[in-house]
Amino acid sequence: MSAPIFIGDETSACAYRLAGIEVRMPAPSELTATLQQACSEADLVLITAQYAQPLLPDKLAQMQARTRPLLIVVPDVRGQVSVPDFASALRRQLGVEP
């Protein structure tokens, strides 16, 4: 099993680095390539909501649907971009929530 990789801003990356997780802070133009490389190297990839926002929603959903690597969108320290509420979306799809 490979070490997890975090992709996000410098401030958020500090906490993940302290936890022993490899961090990457790509420029906007390098985001897609960095994410693809991280997915090929790690079993778990964490990306902040702010860094995930510019990605095409269909592409992000497709990547999250894979079983390997596990791709999780996490909140960043500043909280400028909200994390998608997947539990609510799932409840709506199942017809449990309007």
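Cut-offs applied
- Residues numbered from 1 in each chain as written.
- Predicted model: local features only at pLDDT ≥ 70, side-chain atom pairs only at ≥ 80, totals over all residues.
- Heavy atoms only, no water.
- Phe/Tyr/Trp six-rings, centres within 6.5 Å; stacked < 30°, edge-to-face > 60°.
- Helix = DSSP H or I, 4+ residues; strand = E, 2+ residues; numbered from the N terminus.
- Buried < 20%, exposed > 50% of the residue type's maximum accessible area, 1.4 Å probe, protein only.
- Contact = heavy atoms within 4.5 Å.
- Polar contact = N/O pair within 3.5 Å; in protein donor to acceptor, adjacent residues only side chain to side chain.
- Pairing = 2+ DSSP bridges.
- Axes fitted to C-alpha atoms, helices over the stretch in contact; angles between N-to-C directions.
- Salt bridge = Lys/Arg side-chain N within 4 Å of Asp/Glu carboxyl O.
- Arc of directions from axis to C-beta.

Asker: Describe the packing of aromatic side chains, and please don't skip the residues or the numbers.
Answerer: Counting across every chain of the model gives 1 aromatic pair. The interplanar angle of 10 degrees and the centroid separation of 4.1 Å between the aromatic rings of F6 and Y16 together place this pair among those described as stacked. Of this pair, F6 sits in strand β1 (residues 5-7) while Y16 sits in helix α1 (residues 10-18); the two residues are 10 residues apart in sequence, bridging distant segments of the chain. Residue F6 is classed as buried on the basis of its relative accessible area, which comes to 0%.

Asker: Please set out the environment of S2 residue by residue, giving values where relevant.
Answerer: Note that S2 resides in the segment before β1. For S2, a relative accessible area of 24% translates into the label partly exposed. It is 8.1 Å that separates the C-alpha atoms of S2 and L44, two residues lying 42 residues apart in sequence. The residues contacting S2, other than those within four sequence positions of it, are E41, A42 and D43. A distance of 3.0 Å separates the side chain of S2 from the backbone oxygen of E41, its partner in a polar contact.

Asker: If you had to explain the sheet that holds strand β3 (residues 44-48) to someone new, which residues and values would you point to?
Answerer: The sheet built from 4 strands is open, its strands ordered β2-β1-β3-β4 with parallel pairing. Each edge of the open sheet is held by one strand with a lone partner, namely β2 (22-24) and β4 (70-74). For this sheet, the mean inter-axis angle between neighbouring strands, taken without regard to orientation, is 20 degrees. Of the strand pairs in this sheet, β1 and β2 are connected by 3 bridges, and their pairing is parallel. Bridge assignment links I7 to a residue of β2, and that residue is R24.

Asker: I'd love a proper account of the pattern of salt bridges, names of residues and values included.
Answerer: Counted under the stated rule, the structure contains 3 salt bridges. Measuring nitrogen to oxygen at the nearest pair gives 2.5 Å for the salt bridge that ties E41 to R24. In this pair, E41 sits in helix α2 (residues 31-41) while R24 sits in strand β2, placing the two residues 17 residues apart along the sequence. When its relative accessible area of 14% is taken as the criterion, R24 is described as buried. R68 is the partner of D43 in a salt bridge, and the nearest nitrogen-oxygen pair spans 2.7 Å. Residue D43 is located in the loop between α2 and β3, and its partner R68 is located in the loop between α4 (57-65) and β4; the two are separated by 25 residues in the primary sequence.

Asker: Talk me through α2; I want residue IDs and the actual numbers.
Answerer: Turning to α2, its buried residues number three or more, namely L31, T34, L35, A38 and C39. Each buried residue of α2 lies within a common arc of 135 degrees when the element is viewed along its axis, so the set occupies one face. Seen from the buried face of α2, the exposed residues on the opposite side, beyond 90 degrees, are A33 and S40. For α2, the secondary structure elements touched by its buried residues are β1, β2, β3, α3 (49-52), α4 and β4.

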